[in-house]
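The lines below spell out each chain.
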Amino acid sequence: MAHLTENPADKERFICVYPVYINSKKTLAEGRRIPAEKAVENPSCAEIRDVLTAAGLNVYLENKMHPREWNRDVAFRGRVRVQVKQADGSLCQEKFTSRKDVMFYVAEMIPKLKTRTQKSGGGDVSSQQGEGGKKSKKKKK
């Protein structure tokens, strides 16, 4: 199918990034596009948007679903469109030469977000409380 426009700055020519592409819980058959070791556990569109906006890229969200996503829940909805090339065909940023570069960058930066670091810190405290409550058994006569 031919594109309606050849201008890389048009929104329809931005690259698409679905959360499935960088989800470590998904298999390659389910739509993951980067190695599982580098992927992130259950990323959201908002997290992807936040990381790419902080990197200085032109980003917008769409309420779309990945075709292989079986869960129709709102948490799994969304697609992020990212501008990688300018109108003259030059790159917006030199470190993002391809869609794979964008995916690897997002997967690297999402675990460093404040929302992710606070969640993991809270989980450690509750696991320690459960272990401290062990009682010694007394022998019955």
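Refer to the structure printed above.
The structure presented is a predicted model; accordingly, all values stated were derived computationally and were not measured.

A.B. asks: How do you make sense of the nonpolar core when you look at a structure like this?
C.D. replies: A general tendency of soluble globular proteins is for nonpolar side chains to be buried together. The biggest cluster of nonpolar side chains holds 26 residues, and the ones touching the most others in it are Ile 22, Ile 48, Leu 52, Val 82, Val 102, Val 106 and Ile 110. Elements supplying a minimum of two residues to this core: strand S1 (15–17), helix H1 (45–54), strand S3 (79–82) and helix H2 (99–109). At five residues, the largest contribution of residues to this core is made by H2.

A.B. asks: How should H2 be read in this particular structure?
C.D. replies: Side chains of residues three or four places apart in an α-helix project in the same direction, reflecting 3.6 residues per turn. Taken residue by residue, H2 has Val 102, Met 103, Tyr 105, Val 106 and Ala 107 as its buried positions. In this structure, the buried side of H2 is in contact with S1 and H1.

A.B. asks: Even after reading the chapter, I still don't get the packing of H1 against H2, so can you show me in this structure?
C.D. replies: Packed helix pairs are specified by the crossing angle of their axes together with the interaxial distance, meaning the distance between the axes. It is the contact of H1 with H2, at a shortest axis distance of 10 Å, that shows an interaxial angle of 105 degrees. Classified by the angle between their axes, H1 and H2 sit roughly perpendicular to one another. From H1, Ile 48, Val 51 and Leu 52 reach across to H2, where they touch Val 102, Tyr 105, Val 106 and Met 109. Across the contact of H1 with H2, the residue classes break down as seven nonpolar, no polar and no charged.

A.B. asks: Sorry, what's going on with the packing of aromatic side chains here?
C.D. replies: The way to describe two aromatic rings as a pair is by their centre distance and the angle between their planes. Applying the stated rule across the entire model yields three aromatic pairs. On the basis of an interplanar angle of 75 degrees and a centroid distance of 5.5 Å, the ring pair of Tyr 18 and Tyr 21 is categorised as edge-to-face. The same class applies to Tyr 18 as to Tyr 21, namely buried. When the ring centre of Tyr 21 is taken as reference, the NZ or CZ atom of Arg 33 above it lies at 4.1 Å.

A.B. asks: Would you take a moment to explain a positive patch on the surface for this structure?
C.D. replies: Taken together, the side chains of Arg 33, Arg 68, Arg 99 and Lys 100 present a region of like positive charge at the surface. Mapped onto the fold, Lys 100 is located in helix H2.

A.B. asks: Sorry, what's going on with the pairing of S3 here?
C.D. replies: Along any regular strand the residues' side chains alternate between the sheet's two faces. Burial of the side chains of S3 extends over both faces: Arg 79 and Arg 81 are buried on one face and Val 80 and Val 82 on the other. Pairing geometry for S1 and S3, over three bridges, is antiparallel. When the bridges of S3 are listed, Cys 16 appears paired with Arg 81. By the bridge criterion, four bridges tie strand S2 (residues 59–62) to S3 in an arrangement that is antiparallel.

How each quantity is defined
Residues take numbers from 1 onward in each chain, read along the sequence in its written order. Predicted model: local features are reported for residues with pLDDT of at least 70 only, side-chain atom pairs are reported and counted for 80 or more only, and whole-chain, interface and lining totals are derived from all residues. Here the side-chain values reflect all heavy atoms present in the structure, with hydrogen atoms and water set aside. Put simply, buried Ala, Val, Leu, Ile, Met, Phe, Trp, Tyr and Cys residues joined by side-chain atoms within 4.5 Å make one nonpolar core. For the exposure calls, accessible area comes from a 1.4 Å probe over protein chains only, and a residue counts as buried if that area is under 20% of its type's maximum, exposed if over 50%, partly exposed in between. Only DSSP runs of H or I reaching four residues or more are called helices, and only runs of E reaching two or more are called strands; each is numbered from the N terminus. Here, residues are in contact when the closest pair of their heavy atoms is within 4.5 Å. All axes are obtained by fitting lines to C-alpha atoms, using only the stretch in contact for helices, and the reported angles, taken between N-to-C directions, cover 0 to 180 degrees. Each angle is binned into one of four classes, with values under 35 degrees roughly parallel, values over 145 roughly antiparallel, values of 65 to 115 roughly perpendicular, and all other values oblique. Residues are grouped as follows: nonpolar covers Ala, Val, Leu, Ile, Met, Phe, Trp, Tyr, Cys and Pro; charged covers Asp, Glu, Lys and Arg; every other residue, Gly included, is treated as polar. Between the rings of Phe, Tyr and Trp (Trp by its six-membered ring), a pair exists once the centres lie within 6.5 Å; its type follows the angle of the planes, with under 30 degrees stacked, over 60 edge-to-face, and the other angles tilted. Placement of a charge over a ring requires the Lys NZ or Arg CZ to be within 6 Å of the ring centre, with the centre-to-atom vector within 35 degrees of the ring normal. Patch membership requires more than 30% relative accessible area and the absence of a salt bridge. Residues of like charge join within 9 Å; the nonpolar side chains Val, Leu, Ile, Met, Phe, Trp and Tyr join within 5 Å. Using the Shrake-Rupley algorithm and a 1.4 Å probe, accessible areas are obtained, with residue cover drawn only from the displayed protein chains. Each reported salt bridge corresponds to a side-chain nitrogen of Lys or Arg within 4 Å of a carboxyl oxygen of Asp or Glu. In this tally Asp and Glu are treated as negative and Lys and Arg as positive; neither His nor the chain ends contributes. One atom stands in for each charge, and that atom is NZ of Lys, CZ of Arg, CG of Asp or CD of Glu. The rule for pairing is simple: two strands pair if DSSP sees at least two bridges between them.

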